[in-house]
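Commentary on secondary and tertiary structure
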Amino acid sequence: MDLRLSPDMEAFRDQVRGFLGQHKDRYASGAGAERPREAAMEWQALLIDNGYAARTIPKAYGGYGAEPDILKSRIIAEEFTAAGAPRGFANQGISMLVPTLLEVGSEEQKIRWISPTLRGETVWCQGYSEPGAGSDLANLQTKGVEDGEDFLISGQKIWTSTAAQADMIFCLVRTEPQAPKHDGISYILFPMTTPGIEVRPLKTMTGSAEFNEVFFTDVRVPQSAVVGGRGRGWFVANATLKHERGMLGDPNATEARFAALIDLMKSETVDGQRLIDNPVMADRLMQLQARVMTMKFNGLRTLTASITGEAAGLAGMVVKLQGCELNHQIAALAIDALGELGVLYEDGPHLRAKGGWQRNYMFDLGLIIGGGTAQIQKNIISERGLGMPREPKLAVA
Amino acid sequence: MDFSLTDDQRMMQESLSRTLAEASSLDRVRKFAADPADRGADVWAALTDFGLPGIVIGEEYGGLGLTLLDAALMAEALGRAVTPVPYLGAVLAPLALRLAGSVEQQARWLPKLASGQVTAAVAISEAVAGARDGAGLMASDGKLSGKALFVADGHAADLLIVADTGGVLHLVDGTANGLGREIMTGIDLTRRMAELTFDKVAAEPLTGDAGALARLRDAGWVLLAADTLGACDVMIEKAVAYAKERKQFGRVIGSFQAVKHLCAEMAAELEPCRSLVWYAGYAFDAAPQESSLVAAHAKAHLSEVSRFIARTATEVHGGMGITDLLGLHFWFKRVGLNRQLLGGPERVRALAAQMQGLTG
C-alpha cells in the first residue's frame, strides 16, 4: 500500500490542470441524449488532440495514440471532475462499438467508423435487447434472412437509447437459424435511415423517453456490414458488455453524488433545524458514507490489479451490483431528508435540484435492472466468483 | 500508486494462518471456551514464537517494528481462526506507551511485551463506548478508584492501560494492591472480558500525548474490523462449501438461486470491505489526518456487514447452522462481540459525523 504518486505522475497532473485552466472558455458538454452541438464537437476535438479523449485509440483511426496508462486516465478523470470540465464523449458508440471494432473489426471497418464516432459526427445506438430477450439475451429473435449479397432484417429491439438521434445502429441479428442459439447471431452495422426502420419513443416512469423501441421490416443490409464474422455476434457482443458493466457503478460518479447529498443536508432546514442535525438522518448519511468510501477503495484495488495485470476477481464482479444500489440509496436519502419537498417534480418556486433526486431515484432503478439485472449479477458472482453450480436447465416443455 | 498488499505482507498473513491451523484448531478453541481457567498458554506460546506480541513494538525493544496495517492483517488471520489470545492489548498497550509513555516506562515494559512474557489489556470502554452501570475511573493523588467494564482479556493481563473519566491514560501493574478482577462471561468464549474494580490503586499517568486515547480508539476500531473481516470470510467459505455438498430435492442446494443468491449477497457485501480495512490500517500510520474517520467507518460498516453474514451463513446451513457440533457459532459470536466492543455502529457513526464537523 502506497497511495503516493510518482513525480512523473504529479507532473502529468499539473499538465492536465494547466490545460483545463487555459481552455476554461471552451468547455462544452456533449452529454445527454441529444446529438452533440458544434461547440461540444470542437471541445471533443481539442480533447483528442491533447490526449484527454480517445487517448489510447491509435492515431490511424483518429485517436491520440498513447500507450494505455490507467493511472494517467485516472488523473485525467480526477482533474476534469475537480475543474467541473466536461469529459470527452462517453456515448454508446465510443464506449461499446469502438472497443469492439478495435478488437474484432476489419481494417476497413476501423478506418471508416472509428474516427467519425470519436469526433461525434456519427452517433450510434445499440440494438441488443428484445421484448423476449432481456436477461436471456442469446434468445434474441430479430432475424436476418439471406437475400443475395444482403440480409433482410425483421424484428423488434427495445431499450434502445439514442435511437431517435442515431445515424447508425450496431445490432445483434439471428442470421443462422439452424445453429445453436449462441452460434446463430451476427453483429451488424447499418444506417438508421435504411428503409423499413421505425423508432417509437419509450417513455419511462421518470416522465421522459430515455429509451426507444425499434421495429425492423425487411431492412436491407449488405452482408459486408457484419463485424467479426457471421454467427460470431454473441462472442463479439460479450467482449463489449464488459465495457458497459464497467461504466455502471463508477465510484467517481457516486462520490460526486454523495458530496451533493452532504451539501443538501447541511443547507436545507426543517423547523429551523438543519437536516443533518436529525440524528436518524445523520446516521443514514454515515452508513452511506461508509459504503461510498468502501467502493472508492475497492475501485483503487481493482485499478491496481489492472495495472499489475492481476485478475480483479470478486472485487471487480461486485461493482455493478453494489455501485448501482448505492447510487439508488443516496437518491433515496436525499428524498427522505427533503420530505414533502422531495416529491416535487415540476418547475416551481419550491422545486429542489430541478427534481433531479427523484429522477435519479427512478432512473437508477432502471440501471439496477439494465446492463445485467441484480439477479443476473448474483448468478455471475456465485457461479464465477464462488464456483457454485448453475441452475439445471428444465426439460423444454 | 499501489493499493495492494506487499508479497511480504501476504506471506506473513499466510504463515500466521498456517501456524493457527494447528495452534488454534477448532478443537483447541472448544477446549478454551469450555474452561474459564484455560489461559491458552500454548496458543500464546505459538504466537510468541511467531513474534506476534511484538508486532508494533520497535526493534530496539525486541519487537518487529511493523505498522498497524500489518497488525490488522494479523488480526484478520486471528479472526479467521477465532483464536483465543489477548491480541487487542498486545497492539494497543505498546501503542499507548509509544504515544504517551516516558522513555523509562517504554524501557520497562516494551521488551517484556515484545517477548510475550507479559500480556496487556486496555480499559477504554467507558471513554469510547460510554459508561454503563455507573462505571468510570477517577484519578486522585496518583491513585485510581472506580470500575472499568468490558475489558477484553483483562482478567489475566499483567499490564493494564486504563482511561480515567477525564480521558487521561494510566499505566497500572496487574499485581497492584486494591485491584479486583471478575470475568464477565459473554457470548464469545474465545476472548473473555473482565470487570476491573479499583480501590485507590497506584497508577502512573501517561502524559506524553493528549491525543493518545483517540489514537488507541482508532487502532482498536481497525483491529476489530479486521478480526471481523477474517471471521466473515470463514463464514462465507463454510456456507458456500456446505451449499455445494448438501443435497435436497435431488440436487445440491447451491444450485438453487434462492441459496446461491444469499451467498452472492454475502460476497458482494464483504469483498469491498477488504479494501476499507486495508486503507484504515494504512491511514493510521501513513495518513493520520484521515485515520479517525476511516477507522470509524471500517468499524461500523464491518459490524453491519458481519451481522448480515453471520445470520445468512447460518441460514444457508439450515438446521445444522444452529448446532454446537457445526461450530459456526464461534464465528457468529466473535463478530457479535466485535460489533459492541469500543462502541456499537450507531455510536461510532455519530462520532464519525462529529469528527468531520457535520454535526455538533
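Keep in mind it's a predicted model, so treat the numbers as computed, not measured.

1. Quick notes on the overall build of chain A
Broken down by element type, chain A carries 12 helices and 10 strands. For 397 residues, the compact-globule formula gives about 21 Å, and the C-alpha radius of gyration of chain A, at 23 Å, lands near that figure. Expressed along its principal axes, the backbone C-alpha trace of chain A runs to roughly 75 × 55 × 50 Å. In chain A, which comprises 397 residues, the share counted as buried stands at 50%. Pairs at least 24 apart in sequence give 68% of the contacts found in chain A among residues at least 6 apart. If you sum the accessible surface of chain A, you get close to 19000 Å²; carbon and sulfur atoms cover 53% of it. Of the side-chain charges in chain A, 41 are positive and 47 negative, and the distance between the mean point of each set is 2 Å.

2. A look at the environment of His261 of chain B
Looking at where His261 of chain B falls in the secondary structure, it is placed in helix H9 (residues 257-286). Under the relative-accessibility criterion, His261 of chain B is labelled buried at 11%. Sequence separation between His261 of chain B and Asp227 of chain B is 34 residues, and the spatial gap between their C-alpha atoms is 25 Å. Leave out the neighbours within four places in its chain, and His261 of chain B touches Gln375, Lys378 and Asn379 of chain A. Within polar-contact distance, the side chain of His261 of chain B engages the side chain of Asn379 of chain A at 2.7 Å.

3. Focus: the interface of chain B and chain A
Contact residues are listed per partner, giving 43 residues for chain B and 47 residues for chain A. When chain B packs against chain A, the two sides together hide about 4100 Å² of surface, and 65% of this comes from carbon and sulfur. Of all residues in chain B, Met1, Phe3 and Leu358 of chain B bury the most surface against chain A, accounting for 19% of the area lost on that side. Joining chain B to chain A, the criterion identifies 7 salt bridges. With a closest N to O distance of 2.8 Å, Glu265 of chain B and Lys378 of chain A form a salt bridge. Applying the counting rule to chain B against chain A returns 22 residue pairs in polar contact (both at pLDDT 80 or more). Elements represented by at least two residues in the side of chain B that touches chain A include exactly helix H8 (212-245), strand E10 (251-252), H9, helix H10 (288-316) and helix H12 (345-355) of chain B. Take the side of chain B that touches chain A: its biggest share by element is 18 residues, from H9 of chain B. For the side of chain B that touches chain A, the per-class residue count stands at 22 nonpolar, 10 polar and 11 charged.

4. Let's talk about the sheet that holds strand E1 (residues 120-123) of chain B
Residue and element names in this part refer to chain B. The strand order across the open sheet formed by 4 strands is E1-E4-E5-E8, and the pairing between neighbours is mixed. This sheet does not close on itself; its edge strands, each paired only once, are E1 and strand E8 (204-206). Pairwise comparison of adjacent strand axes, ignoring direction, gives a mean angle of 25° for this sheet. Against the sheet, helix H6 (residues 103-114) engages E1, strand E4 (159-163), strand E5 (169-173) and E8, with an angle of about 90° to E8. Docked against the sheet, H8 engages E1, E4 and E5, running at close to 75° with respect to E5.

5. Let's talk about the confidence of the model for chain B
Interpreting fine coordinate detail is not advised for predicted regions of low pLDDT. Here chain B shows a mean pLDDT of 97. Residues at 70 or above account for 100%. ipTM for the predicted complex: 0.97, alongside a pTM of 0.94.

6. Quick notes on the domain arrangement of chain B
Put simply, an interface is often sized by how much accessible area is lost when its parts join up. Residues and elements named next belong to chain B. According to the domain assignment, chain B contains domain 1 (7-114), domain 2 (120-206) and domain 3 (212-355). Each partner contributes to the interface: domain 2 provides 17 residues, whereas domain 3 provides 18 residues. Summed over both partners, the interface of domain 2 with domain 3 buries about 1400 Å², with 75% contributed by carbon and sulfur atoms. The largest contributions to the domain 2 side of the interface with domain 3 come from Val128, Ile187 and Arg191, which together make up 40% of the buried area.

The rules behind the values
- Residues numbered from 1 in each chain as written.
- Chains lettered and ligands numbered in written order.
- Predicted model: local features only at pLDDT ≥ 70, side-chain atom pairs only at ≥ 80, totals over all residues.
- Heavy atoms only, no water.
- Helix = DSSP H or I, 4+ residues; strand = E, 2+ residues; numbered from the N terminus.
- Rg over C-alpha atoms; globule rule 2.2 N^0.38 Å.
- Buried < 20%, exposed > 50% of the residue type's maximum accessible area, 1.4 Å probe, protein only.
- Contact = heavy atoms within 4.5 Å.
- Areas by Shrake-Rupley, 256 points an atom, 1.4 Å probe, with all protein chains shown as cover.
- Lys, Arg positive; Asp, Glu negative; His and termini not counted.
- Charge placed at Lys NZ, Arg CZ, Asp CG, Glu CD.
- Polar contact = N/O pair within 3.5 Å; in protein donor to acceptor, adjacent residues only side chain to side chain.
- Buried area = accessible area lost by both parts, 1.4 Å probe.
- Salt bridge = Lys/Arg side-chain N within 4 Å of Asp/Glu carboxyl O.
- Nonpolar A, V, L, I, M, F, W, Y, C, P; charged D, E, K, R; others polar.
- Pairing = 2+ DSSP bridges.
- Axes fitted to C-alpha atoms, helices over the stretch in contact; angles between N-to-C directions.
- pLDDT = per-residue confidence, 0-100.
- Domains from an automatic or database assignment.

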